[in-house]
Amino acid sequence: MSKSSETRYAIELKDISKMFGSVVANENINLSIKYGEILALLGENGSGKTTLMNMLSGIYYPDAGTISVAGEEVTISSPTDAIDFGIGMIHQHFKLVEILNAMDNIVLGTKEKYLKPKVLKDKILNISNKFGLEIEPEKKIYNMSVSEKQTVEIMKVLYRGAQILILDEPTAVLTPQETEKLFAILRKMKEQGSAIIIITHKLHEVLSISDRVAILRKGHLIDTVETSKTNENQLTELMVGRPVSLKIERPDMDEKKTILKVIDLSVMNDDGTTGLKNINFKLKSGEILGVAGIAGSGQKELCESIAGLTKVKTGAVLCNKENIIGKTPDEIINLGISMSFVPEDRLGMGLVGSMGMVENMMLKSYKKNKGFFIDKKPSRKLAEELVKKLGIVTPNVDTPVRMMSGGNVQKVLLGREIESNPNVLITAYPVRGLDINSSYMIYDLLNEQKKKGVAILFIGEDLDVLLELSDRIMVLCHGEMKGIVDAKATTKEELGLMMTGRSLEGVDLDE
Amino acid sequence: MNNINKKAKEPLMRTVKRAERSKMDTIKLRIIAFVLALFAGGVFILLIGYNPFELYGTIISGAFRSEMAIQATIKFMIPLLISSLGITLAFIMQFWNIGAEGQIIMGAIFSSYFALFHSDWPHLLLLVVMFIAGFVGGGLWGLIPAYFKSKFNTNETLFTLMLNYIALHVISFLRDGPWKDPGSSGFPKISRFDANAQLDKIFGVQFGWVIGLILVVIVYIYIKNTKQGYEISVVGESQATAKYSGMNVKKIILRTMILSGGICGITGMIQSSGSDITLASSVAGGVGFTAIIVAWLANLNPFSILVVSFLFSVLEKGSSVMQSTYGISTYSASVLQGIILFFILGCEFFIRYKFVFRNKGGARA
């Protein structure tokens with residue numbers, strides 16, 4: 001069955017093009033991958049990586065060009081076709097049935113006769129031994145950690161006999177340790193002759209796992225390079241189109257005084273699970289306090305409870321000695337505490353997608369002028385100022401913000417919040433989905449605020465960035481605080497261990 | 001395991017999202033849709049044995065042939081226009097108020113109370129009170145689903161729909177019982193309003209059209225230039241955003257539904273005291289549902305609603321003339337209306353998407 005020969009390509013893409021309306025997602029892409037090879041697909045957001053892979057897995061259909069699998073030209077018009085051709089895709093967001101166990105999820109949707117659980121279990125364990133997967137077939141999905149769920153997803157495609165595996169940003173939700181485990185599995189699969197395509201943003205991962213790197217920019221394939229003959233700087237340059245400095249500044253501030261004090265903060269989620277448990281920390285002026293943790297460890301609850309958007313079970317948040325828990329966002333604004341919150345969901349919470357910049361500028365301030373009518377003049381002025389100051393690219397200030405690119409949307413949101421001259425700035429994943437350039441612009445903006453004496457809570461996902469940008473880093477795991485460490489003194493490994501639940505022994509830097 | 005033997009075929013037809021169309025293109029497409037609608041309708045007319053050109057001519061002339069015809073067309077338009085404006089407020093908030101029927105009826109019932117039992121009040125005062133009563137009746141009927149939506153997150157579509165039937169049966173109850181006309185010798189009906197409780201006429205048409213035009217302007221300004229209108233748009237886009245920016249979402253939902261239902265209630269007051277001159281169970285007569293189509297076709301813009309509801313009433317009045325002139329059944333006229341609507345609504349799909357056929361290149365055109 002494994003016909004892996006050196007000369008035959010697992011996949012060959014010829015002149016693949018795909019448009020969405022007037023947007024070119026992919027144009028004339030020529031790409032091939034051999035069996036027994038790991039290819040990394042690198043590119044900024046919106047460069048067309050996911051679109052390209054979705055065409056391979058049958059979700060989209062190319063407008064032009066041909067796809068060959070194992071040397072034969074094929075038509076992939078549905079995910080079922082893709083599986084028939086041995087192509088399996090592991091999506092960023094897992095597609096598992098929570099209340100079923102691993103085994104049921106794995107066979108779900110396959111057309112063959114129902115196997116007895118015992119036989120099935122053996123079959124699954126057989127496959128997992130072959131590739132070094134750790135899997136408990138009878139464990140329910142809802143009891144699984146993120147990395148276990150991912151293993152089930154991988155098992156799902158292996159069970160269907162996939163020889164070609166596509167992974168869309170598989171490490172985004174994993175700790176450094178879990179990432180290593182995943183890479184070990186991928187290497188084993190490569191040895192067994194599978195072809196693997198991995199999409200990722202993280203350059204050091206590209207360098208450690210792949211054999212070749214294909215770089216996409218604005219829908220075009222820029223270059224394919226051998227991993228052994230390249231480095232981070234060259235890859236960035238290919239990705240962005242010009243050299244970029246990868247250093248993040250960390251200005252040191254002398255005068256620090258506590259602005260925000262969080263005491264024993266606990267939050268219960270709607271479904272009765274613990275959102276946050278006894279969180280204690282102080283946020284000082286002129287510092288960036290980073291928050292690290294696996295996605296869903298309580299970051300959202302933390303931000304929203306401080307901003308007054310979530311009901312808090314116990315605890316207090318003191319802002320200039322005044323407890324703001326139990327107050328509505330409106331009351332918090334009226335108290336004169338100028339706190340800004342840049343939520344992770346930009347268009348779903350921070351901005352109104354169908355409105356232009358002008359109307360978005362007054363989202364939090366429209367109540368200020370008296371009377372029944374709104375006054376758009378000040379917000380129009382502010383919008384025009386921001387466009388100039390932050391270099392926001394938009395046809396005009398009345399263009400709906402949802403038509404703008406991710407980086408510009410983030411600039412609009414962050415710009416509005418900064419313009420309100422806050423004392424406290426809470427930002428959740430401010431660079432998620434942004435390209436390298438915009439990301440560095442956002443870091444600069446944050447540092448500028450820090451220099452002005454603003455206290456910044458920075459929820460991040462990239463540990464490298466957290467280590468470089470923050471002064472201190474707080475680690476969350478399952479809603480609990482595992483400690484606060486000095487960003488200059490800690491390591492990625494230490495953070496990784498804390499993210500998976502090991503508490504920090506010894507001194508609490510906060511006191 | 002690569003069983004390549006299954007070589008799938010390219011699908012015959014795919015839908016592809018097209019680039020944003022220019023305004024001119026959109027208008028052109030709508031005109032084409034209209035022409036096609038007329039053509040398809042023409043085939044239908046031919047099938048039932050008439051001359052399409054004659055019949056279409058009758059629809060147009062039927063709506064405009066005399067002063068009286070024009071007045072009748074306007075009379076059709078008034079309730080449609082005002083209730084479309086009412087539900088527009090709810091729709092901007094993405095609150096699917098399909099209960100305009102019930103709100104119209106409730107408005108009519110509330111105002112009819114004053115028309116029936118206080119007809120001795122001074123004319124102007126009585127009308128103003130009836131107007132307010134109509135607003136309150138419709139507003140209350142809109143408030144009920146809004147309250148449950150904001151309190152228990154109930155489904156407003158079902159809730160508003162069901163309230164329609166309750167309102168309808170309240171009229172039947174009043175007609176058969178407490179408000180039954182004693183002079184009607186057993187036949188259950190509510191008595192005719194006193195002349196004092198009737199809306200005045202301007203240019204031969206009841207005063208409602210003036211109210212309608214004023215409401216177009218008021219609703220437009222309310223949506224575009226007031227804080228409350230701004231809040232409605234934000235809540236409609238995302239409740240999380242509204243909460244984030246410090247808005248009281250529950251209050252906004254309740255307030256907007258009072259307004260939405262209230263405006264529909266005004267329709268009821270105007271229809272009963274201006275056109276029906278009594279409280280009939282047909283006071284809403286499906287207008288509340290047609291208003292949904294009008295509001296959507298007009299893209300929730302008050303001025304477009306004015307145009308669309310006018311076109312609807314031309315079609316309505318014209319086909320009723322067609323019916324009587326040619327003796328065509330009501331149902332045939334309804335089929336014709338349906339065909340025209342089908343094409344106009346269907347063309348919205350082609351504004352956003354297009355089909356690509358097998359072996360015809362792709363979206364590269």
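Residues numbered from 1 in each chain as written. Chains lettered and ligands numbered in written order. Predicted model: local features only at pLDDT ≥ 70, side-chain atom pairs only at ≥ 80, totals over all residues.

Draft legend 1. Main features of the overall build of chain A. From N to C terminus, chain A includes 17 helices and 20 strands. For chain A, the C-alpha radius of gyration of 25 Å lies close to 24 Å, the compact-globule estimate for 511 residues. Along the first, second and third principal axes, the C-alpha set of chain A runs to 70 × 50 × 45 Å. Split into buried and exposed, the 511 residues of chain A put 47% on the buried side. The long-range fraction of contacts in chain A, counting pairs at least 24 apart against all pairs at least 6 apart in sequence, stands at 67%. (Helix = DSSP H or I, 4+ residues; strand = E, 2+ residues; numbered from the N terminus. Rg over C-alpha atoms; globule rule 2.2 N^0.38 Å. Buried ≥ 20, exposed ≤ 12 C-beta atoms within 10 Å, placed from the backbone. Contact = placed C-beta atoms within 7 Å.)

Draft legend 2. Quick look at the overall build of chain B. Within chain B, the secondary structure is distributed over 13 helices and 4 strands. Its C-alpha atoms give chain B principal-axis dimensions of about 85 × 60 × 40 Å. Within the span of chain B, comprising 365 residues, buried residues form 41% of the whole. Across chain B, every contact between residues at least 6 apart in sequence was considered, and the portion connecting residues at least 24 apart equals 77%.

Draft legend 3. Inspection of the confidence of the model for chain A at higher detail. Residue and element names in this part refer to chain A. Counting all residues, the mean pLDDT for chain A is 84, and 95% of those residues have values of 70 or more. Mean pLDDT per element in chain A: helix α10 (residues 329-334) is the minimum at 75, and strand β13 (residues 288-292) is the maximum at 93. Here residues 1-6 is a poorly scored stretch, pLDDT under 50, and it has 5 contacts once near neighbours within four places are set aside; other chains count. Across residues 506-511, confidence stays below pLDDT 50; counting only partners more than four residues off in sequence or on other chains, it has 8 contacts. (pLDDT = per-residue confidence, 0-100.)

Draft legend 4. Expanded view of the domain arrangement of chain A. Residues and elements named next belong to chain A. Each assigned domain of chain A is listed with its residue range as follows: domain 1 (9-240), domain 2 (258-338 + 421-499) and domain 3 (356-420). One C-alpha centre belongs to domain 2, the other to domain 3, and the line joining them spans 25 Å. Counting residues per element, the side of domain 2 that touches domain 3 draws most heavily on helix α15 (residues 436-451), which supplies 4 residues. Here the side of domain 2 that touches domain 3 is composed, by residue class, of 7 nonpolar, 5 polar and 1 charged. (Domains from an automatic or database assignment. Nonpolar A, V, L, I, M, F, W, Y, C, P; charged D, E, K, R; others polar.)

Draft legend 5. Here's a closer look at the sheet that holds strand β2 (residues 23-34) of chain A. Residue and element names in this part refer to chain A. In spatial order, the strands read β2-β1-β4-β5; together these 4 strands make up an open sheet with antiparallel pairing. Since the sheet does not close on itself, it has two edges, and those belong to β2 and β5 (72-74), each with one partner. The sheet shows a mean angle of 25 degrees between the axes of neighbouring strands, direction not considered. Lying on the sheet, helix α1 (residues 49-56) is in contact with β1 (9-20), β2 and β4 (64-69); it crosses β1 at an angle near 120 degrees. (Pairing = 2+ DSSP bridges. Axes fitted to C-alpha atoms, helices over the stretch in contact; angles between N-to-C directions.)

Draft legend 6. Representation of the pairing of β1(A) within the structure. Residues and elements named next belong to chain A. Summarising the sheet, β1 and β2 pair through 8 bridges and their orientation is antiparallel. Each bridged residue has a counterpart across the sheet, and for Met-19 the counterpart in β2 is Val-24. Hairpin geometry of β1 and β2 is characterised by an intervening segment of 2 residues between the two adjacent antiparallel strands and by a positive phi of about 60 degrees at Gly-21. As judged from the 5 bridges shared by β1 and β4, these two strands associate in the antiparallel manner. Residue Ser-17 lies in a different strand from β4, and its bridge partner there is Ala-64.

Draft legend 7. Structural context of the packing of helix α3 (residues 67-92) of chain B against helix α10 (residues 249-276) of chain B. All names here are of chain B. With their axes 7 Å apart at the nearest point, α3 and α10 run at an angle of 170 degrees to one another. Comparing their axes, α10 and α3 come out roughly antiparallel. Side by side, α3 and α10 meet where Lys-75, Ile-78, Pro-79, Ile-82, Ser-83, Leu-85, Gly-86, Ile-87, Leu-89 and Ala-90 of the first sit next to Thr-256, Met-257, Leu-259, Ser-260, Ile-263, Cys-264, Ile-266, Thr-267, Ile-270, Gln-271 and Ser-275 of the second. Grouping the amino acids of the contact of α3 with α10 by side-chain chemistry returns 13 nonpolar, 7 polar and 1 charged. (Parallel < 35°, antiparallel > 145°, perpendicular 65-115°, else oblique.)

Draft legend 8. Region of interest: unusual backbone geometry. Residues and elements named next belong to chain A. A positive phi is found at Asn-28, a non-glycine position, where the angle reads about 45 degrees. Inspection of the secondary structure assignment puts Asn-28 in strand β2. Residues other than glycine seldom take positive phi values, yet Glu-169 does so here, at roughly 40 degrees. Tracing the backbone shows Glu-169 in the loop between β7 (164-168) and α6 (176-191). For Glu-169, a count of 16 C-beta atoms within 10 Å gives the class partly exposed.

Draft legend 9. Structural view of the pairing of strand β14 (residues 314-319) of chain A. Residues and elements named next belong to chain A. Inspection of the sheet shows strand β11 (residues 258-268) paired to β14 by 5 bridges, in the antiparallel sense. Residue pairing for β14: Leu-260 is matched across the bridge by Cys-319. Pairing of β14 with strand β15 (residues 322-323) involves 2 bridges; the strand directions are antiparallel. Paired with Leu-318 across the two strands is Asn-323, which belongs to β15. Linking β14 to β15, which pair antiparallel, is a turn of 2 residues; within it Asn-320 sits at a positive phi near 50 degrees.

Draft legend 10. Quick look at the environment of B:Ser313. Residues and elements named next belong to chain B. If you trace the backbone, Ser-313 turns up in helix α12 (residues 302-326). In the structure, Ser-313 is positioned 232 residues away from Leu-81 in sequence and 9.7 Å away in space, judged by C-alpha atoms. The contact partners of Ser-313, leaving out residues within four places of it in the chain, are Thr-73, Phe-76, Met-77 and Leu-80.

Draft legend 11. Examining the sheet that holds strand β9 (residues 212-217) of chain A more closely. Residues and elements named next belong to chain A. Read from one edge of the open sheet, 6 strands run β6-β7-β8-β3-β9-β10, paired in mixed fashion. A single partner strand is all that each edge strand has here, and the edge strands are β6 (87-90) and β10 (220-226). Each adjacent strand pair in this sheet contributes to an overall mean axis angle of 20 degrees, direction not counted. Bridging between strand β3 (residues 37-43) and strand β8 (residues 195-199) involves 5 bridges; their strand directions are parallel. By the bridge assignment for β8, Glu-37 is matched with Ala-195.

Draft legend 12. Structural detail: helix α4 (residues 100-117) of chain B. Residue and element names in this part refer to chain B. Look at α4: 26 Å from first C-alpha to last across 18 residues, which is about the 26 Å you get at 1.5 Å a residue. Remark: the principal bend of α4, roughly 25 degrees, maps to Ser-111. Across the 18 residues of α4, 15 count as buried, placing the element largely inside the fold. (Expected span 1.5 Å × (residues − 1). Bend = angle between axes of the 7 residues up to and from the residue.)

Draft legend 13. Highlighting the packing of helix α13 (residues 377-390) of chain A against helix α14 (residues 406-419) of chain A. Residues and elements named next belong to chain A. At a closest axis distance of 10 Å, the pairing of α13 and α14 adopts a crossing angle of 115 degrees. Overall, the two elements α13 and α14 adopt an arrangement that is roughly perpendicular. Judged by the sense of rotation from one axis to the other, the crossing of α13 with α14 is right-handed. Mapping the contact onto sequence places Leu-382, Leu-386 and Leu-390 in α13 and Lys-411, Val-412, Gly-415 and Glu-419 in α14. (Left-handed = near helix turned anticlockwise from the far one by under 90°.)

Draft legend 14. Highlighting the environment of A:Ile418. All names here are of chain A. Examined against the element boundaries, Ile-418 turns out to sit in helix α14. According to the C-beta neighbour criterion, Ile-418 is buried, with 21 such atoms within 10 Å. Once the C-alpha coordinates of Ile-418 and Ile-306 are considered, the two residues, 112 residues apart in sequence, prove to be 18 Å apart. In this structure Ile-418 touches Leu-445 and Gln-449, once residues within four positions along its chain are discounted.

Draft legend 15. Molecular detail of the confidence of the model for chain B. Residue and element names in this part refer to chain B. Taken residue by residue, chain B gives an average pLDDT of 86. The fraction at 70 or more is 91%. Contacts of residues 1-8 to residues separated by more than four positions or lying in other chains number 21 contacts, the stretch itself having pLDDT below 50. Counting interchain partners and residues more than four positions distant, the pLDDT-below-50 stretch residues 360-365 has 11 contacts. Confidence metrics for the complex model read pTM 0.76 and ipTM 0.76.

Draft legend 16. Spatial organisation of α10(B). Residues and elements named next belong to chain B. If you check α10, its first and last C-alpha atoms are 39 Å apart, about what 28 residues at 1.5 Å a residue would give, namely 40 Å. Across the 28 residues that make up α10, a large majority, 21, are buried. Looking at the residues trailing α10, positive phi occurs at Ile-277, about 55 degrees.

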